[in-house]
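Listed here are the chains, written in short residue letters.
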Amino acid sequence: MKIIQINPTISMEASGPSYSVPRLCESLIEQNQDVSLATLNLNLDQSKVKPYVKTFPVSLGLKRLGLSFEMLQWLNSQPKQQTIFHNHGMWQFNGLYPSWAGKKNSIPVISSPRGTLSKWSFNSGAYAKKFFWPLLQKPALENITCFHATSINEYEEIRSHGFQQPVAVIPNGIDIPEQLQNNRKRAKTLLFLGRVHPKKGIDLMLNAWLQVQSYFPEWNIVIAGSDLDILGRGGYLKKIKQYSEEIGCKRVDFIGPVYGEEKLNTYKNASLFVLPTYSENFGMTVAESLSVGTPAIVSHGAPWQGLIENKAGWWIEGNVEQFADTFKKALILSDQDLKIMGENGRNWMRKDFSWDNLASKYIEVYKWLLEGQIE
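Here the structure is a predicted model, which is why all the values come from computation and not from measurement.

1. A few points about helix 8 (residues 236-247)
Across its twelve residues, helix 8 extends 16 Å between first and last C-alpha, which sits within 8% of the 16 Å expected from 1.5 Å per residue. Along helix 8, the residues classified as buried are Tyr 236, Leu 237, Ile 240 and Ser 244. Here the buried residues of helix 8 occupy an arc of 105° about the axis, which is enough to place them on one side. Of the exposed residues in helix 8, those oriented more than 90 degrees away from the buried face are Lys 238, Lys 239, Glu 245 and Glu 246. Elements that come into contact with the buried residues of helix 8 comprise helix 7 (202-212) and strand 10 (252-256). One or two positions beyond helix 8, positive phi appears at Gly 248, with a value near 95°.

Right, dumping it as structure tokens:
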């Protein structure tokens, strides 16, 4: 079985798929699968590209459209027997190619929307998508064999657009760091870490903080992340900094993007992680925070209702009042109470989100697509 993953970029370290798709590939390879990852050569350091990654230039300088004739040609050249295409994302030509090549060569295609079928995604850039959807994107999705959703929420989004193909619901995985130091003192910090983008709800968090900041003078907010997109465009970071100052927020620190060990330590040093997002198909940053024992406060815009049943944090409505009220409840908890919640989250990640277990589930789906049966 030859498994070909297709993802627009792996260079955006703040983007969930830039971590989860390569990590899925590596987990499949560890289970002796033949795996390749096709991606566009956008801001990639070629010296760090791993052997299983196949990069393609963007044609005609149309980076925004993800147009790459070389990628399409390569997909069309793949063997018809025992090959699977697994596409991640939409709204660019590279996301259409697997459907086109799959239909032409009778190769099964599984598609992971990665949040791109949400109402928020449709309303963002709605004018261009008004034409792209009926002419190109929807017909391409109608031709695929199977969908993959990272949550029940995303499954429902897929069905809401009328698609009737099978849907495999498998969450993203997470690497669990080594044993933590139990005597480590955490800062009284509310941490947001991720892409600084309007859909993340940072404005909501800041307005909630404004209501409670005077009651908790020992606490602060840290916002870590970049506002740059796949093409290197930004601008929202400056706007949200200005907004924070204009409304009178205090003790808010914008520290920019953090990667690797620095990113891990940023999670470890915080007492609470906050994701006030308006729309998220999964939310890798929540899993990352829980994996190091940091409890989370997450809006209903992300599918993390398990925070409640696993006693690892709060899952609340995405409005200022709910976040302000939850801040009041969470920030009075003792260090020991937060530590227990963090340990609950870490155990949950280890039990349900390990890459070994999840890779096996993907392999079952791939075999079913090729052979019509799941073991």
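2. Quick look at the sheet that holds strand 3 (residues 53-56)
If you walk across this open sheet you meet the seven strands as 3-2-1-4-5-6-7, and the pairing is parallel. Each end of this open sheet is capped by a strand with a single partner; those strands are strand 3 and strand 7 (167-169). Across this sheet, the average inter-strand angle for adjacent strands is 20°, counted without regard to direction. Two elements, strand 5 (residues 109-112) and strand 6 (residues 146-149), share two bridges in a ladder whose sense is parallel.

3. Digging into the pattern of salt bridges
Within the structure shown, the criterion is met by eight salt bridges. Glu 26 is the partner of Arg 23 in a salt bridge, and the nearest nitrogen-oxygen pair spans 4.0 Å. With Arg 23 and Glu 26 both in helix 1 (residues 16-30) and three residues apart, this pair spans about one turn of that helix. Using a relative accessible area of 15% as the deciding quantity, one classes Arg 23 as buried. Here the salt bridges do not stand alone but share partners, grouping Arg 23, Glu 26, Lys 50 and Asp 175 into one network.

4. Quick word on the packing of aromatic side chains
Two measures describe an aromatic ring pair: the distance that separates the ring centres and the angle between the ring planes. Applying the stated rule across the entire model yields 17 aromatic pairs. Ring geometry for Trp 91 against Trp 133: centres 5.8 Å apart, planes inclined by 50°, an arrangement best described as tilted. Separated by 42 residues along the polypeptide, Trp 91 in the loop between strand 4 (83-88) and helix 3 (97-105) and Trp 133 in helix 5 (residues 126-142) bring together distant segments of the chain. A relative accessible area of 13% means that Trp 91 is categorised as buried. What makes Trp 133 buried here is its relative accessible area of 13%.

5. Remarks on the sheet that holds strand 11 (residues 272-275)
Each strand in a sheet pairs with its neighbour through backbone hydrogen bonds, running either in the same direction (parallel) or in the opposite one (antiparallel). Pairing is parallel in the open sheet, where six strands are placed in the order 10-9-8-11-12-13. Of all the strands in the sheet, the pair left with one neighbour each is strand 10 and strand 13 (313-316). Neighbour-to-neighbour, the strand axes of this sheet turn through a mean angle of 20°, independent of strand direction. Looking at chain direction, strand 8 (residues 189-193) and strand 11 are connected through two bridges and run parallel. Residue pairing for strand 11: Leu 190 is matched across the bridge by Leu 272. The strands that helix 9 (residues 260-269) touches are strand 8, strand 10 and strand 11; relative to strand 8, the one it contacts most, it runs at about 145°. Each of strand 8, strand 11, strand 12 (296-299) and strand 13 touches helix 12 (residues 320-330); the most contacted strand, strand 12, lies at about 165° to it.

Quick notes on the rules
- Residues numbered from 1 in each chain as written.
- Predicted model: local features only at pLDDT ≥ 70, side-chain atom pairs only at ≥ 80, totals over all residues.
- Heavy atoms only, no water.
- Helix = DSSP H or I, 4+ residues; strand = E, 2+ residues; numbered from the N terminus.
- Expected span 1.5 Å × (residues − 1).
- Buried < 20%, exposed > 50% of the residue type's maximum accessible area, 1.4 Å probe, protein only.
- Arc of directions from axis to C-beta.
- Contact = heavy atoms within 4.5 Å.
- Pairing = 2+ DSSP bridges.
- Axes fitted to C-alpha atoms, helices over the stretch in contact; angles between N-to-C directions.
- Salt bridge = Lys/Arg side-chain N within 4 Å of Asp/Glu carboxyl O.
- Phe/Tyr/Trp six-rings, centres within 6.5 Å; stacked < 30°, edge-to-face > 60°.

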